[in-house]
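Close look at the chain arrangement
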Amino acid sequence: MSRIVPVPPAPTEPHYPDTDPEPMAETPVHILVMMDLILVLREYFRAFADVCVIGNVFWYYERGNVKARRAPDLMVIRGVDPAGERHAYKEWQHNGARPCFLLEILSEETYKEDMGEKRLLYERLGVREYFLFDPEGLGLEPPLVGYRLRNGVYKLIPAAADGSVLSKELGLRVLTEGDRLALVRPSTKGRAVREVEKERRAKERAVREAEKDRRAREELTKEVERLRALLAPPKP
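Positions within a chain are numbered from 1, following the residues in the order the chain's sequence is written. Only residues with pLDDT of 70 or above have their local features reported here, since the model is predicted, and side-chain atom pairs are shown and tallied only from 80 upward, although totals for entire chains, interfaces and linings are computed over all residues. To obtain the side-chain values, all non-hydrogen atoms of the structure were used and water was disregarded.

With respect to the overall build of the protein
- Runs of H or I in DSSP of at least four residues are treated as helices and runs of E of at least two as strands, each being numbered from the N terminus. If you tally the helices and strands in the protein, you get four helices and 12 strands.
- Only protein chains enter the area calculation, which uses a 1.4 Å probe; residues under 20% of their type maximum are buried, those over 50% are exposed, and those in between are partly exposed. Burial analysis of the protein (236 residues in total) assigns 39% to the buried set.
- Considering only contacts within the protein whose residues lie at least 6 apart along the sequence, 56% involve residues at least 24 apart.
- All accessible areas in this document rest on Shrake-Rupley with a 1.4 Å probe, and a residue is counted as covered only by the protein chains that are shown. For the protein, the accessible surface area stands at approximately 14,700 Å², while carbon and sulfur atoms represent 55% of it. Whether two residues are in contact is decided by their heavy atoms: any pair within 4.5 Å suffices.

Quick look at helix 1 (residues 28–44)
- To estimate the expected span of a helix, count its residues, drop one, and scale the result by 1.5 Å. The terminal C-alpha atoms of helix 1, which comprises 17 residues, lie 24 Å apart, in line with the 24 Å expected from a rise of 1.5 Å per residue.
- Among the residues of helix 1, those classed as buried are Val-29, His-30, Val-33, Met-34, Asp-36, Leu-37, Ile-38, Val-40, Leu-41, Glu-43 and Tyr-44.

Topic: the sheet that holds strand 10 (residues 165–167)
- The strand order across the open sheet formed by three strands is 10-11-12, and the pairing between neighbours is antiparallel. The two strands at the open ends of the sheet, each matched to only one other strand, are strand 10 and strand 12 (180–184). Ignoring which end each strand starts from, the neighbouring axes of this sheet average 35 degrees apart.
- Following DSSP output, two strands are said to pair if at least two bridges run between them. The pairing of strand 10 with strand 11 (residues 172–177) spans three bridges and is antiparallel. Among the inter-strand pairings, Val-165 is bridged to a residue of strand 11, identified as Val-174.
- Interaxial angle, 0 to 180 degrees, is taken between N-to-C directions of lines fitted to C-alpha atoms, where a helix line uses only the stretch in contact. Lying on the sheet, helix 1 is in contact with strand 11 and strand 12; it crosses strand 12 at an angle near 15 degrees.

Here we look at the packing of aromatic side chains
- Ring pairs shown here join Phe, Tyr and Trp side chains whose ring centres sit within 6.5 Å, with only the six-membered ring taken for Trp; geometry is labelled stacked below 30 degrees between planes, edge-to-face above 60, and tilted in between. This structure, assessed with the given rule, holds 11 aromatic pairs.
- Cluster of aromatic residues (ring-pair linked, three or more members): Trp-59, Tyr-61, Tyr-122, Tyr-130, Tyr-147 and Tyr-154.
- For a lysine, the NZ atom is tested; for an arginine, the CZ atom; a charge sits over a ring if that atom is within 6 Å of the ring centre and within 35 degrees of the ring normal. Against the face of Phe-58 rests Arg-69, its NZ or CZ located 4.1 Å from the ring centre.
- A cation over a ring is seen here: Arg-119 above Tyr-147, with NZ or CZ 4.2 Å from the ring centre.

So, helix 3 (residues 117–125)
- Residues of helix 3 that are buried: Lys-118, Leu-121, Tyr-122, Glu-123 and Leu-125.
- Backbone geometry just after helix 3 places Gly-126 at a positive phi near 85 degrees.

What about the side chain of Ser-164?
- With respect to the helices and strands, the residue Ser-164 is situated in the loop between strand 9 (153–156) and strand 10.
- Under the rule applied, a polar contact is a pair of N or O atoms within 3.5 Å (in protein, one hydrogen donor and one hydrogen acceptor; residues adjacent in sequence only if both atoms are side-chain atoms). In this structure the side chain of Ser-164 is engaged in a polar contact, spanning 2.7 Å, whose partner is the side chain of Asp-162.
- Apart from the residues within four sequence positions on either side, Ser-164 is in contact with Ala-159, Arg-173, Val-174 and Leu-175.

Here we look at the sheet that holds strand 8 (residues 144–150)
- Taken in spatial order, the six strands of this open sheet run 1-4-6-7-8-9, and their pairing is mixed. Two strands in the sheet have a free side with no partner beyond their single neighbour: strand 1 (51–54) and strand 9. Across the sheet, the mean angle separating the axes of adjacent strands is 20 degrees when strand polarity is ignored.
- Here strand 7 (residues 129–133) runs beside strand 8; their pairing, made up of five bridges, is antiparallel. The residue bridging Leu-132 from the neighbouring strand is Val-145, located in strand 8.

And the structure:
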């Protein structure tokens, strides 16, 4: 006689908070650098359907452990649909995709953790590139440094003569501009991505306006021809 074996209930998923009591960023400079980079990189990767650019949201990297989280200032994650705004990023919901590029902006409250504990954690988690920026002179020298994972260990990325650091994950050079950062395509002779993108958008707008004018002229020509036909004297 067969016996019915009860199925154990599915484990209860814990609540993963989207926020904590900490402020979004410690200073106006911190906010400006972070938002500028997010907007520029979203525009840069706009044509890609699988590159997600987010920042200052919790990245949960271990399912079931609500303490296994960090909130980097900037994350670039490949293999993830960028559509929609995320209040948290749970990697198990995206086939385990982890950030390939992280950037932390140093502040009085976080610079020791950014340079120490977080660096070791991101190295252990296999984040391929980790960049640090010190816009307020808190002790990082030079103020921009980048690390790239090699054989499971972070190695310092040599800076170019102009102080820029090449990110292979972004395909861009990262360059300091005072207390801000610029992203530069290697092929644009030092022009920042934001400038190149502005030029591209301006050209696109010009093309759209020219097409709009052409259609308007066509419509006007058709209307003139229609009115002429109405006003033409009847044929005998």
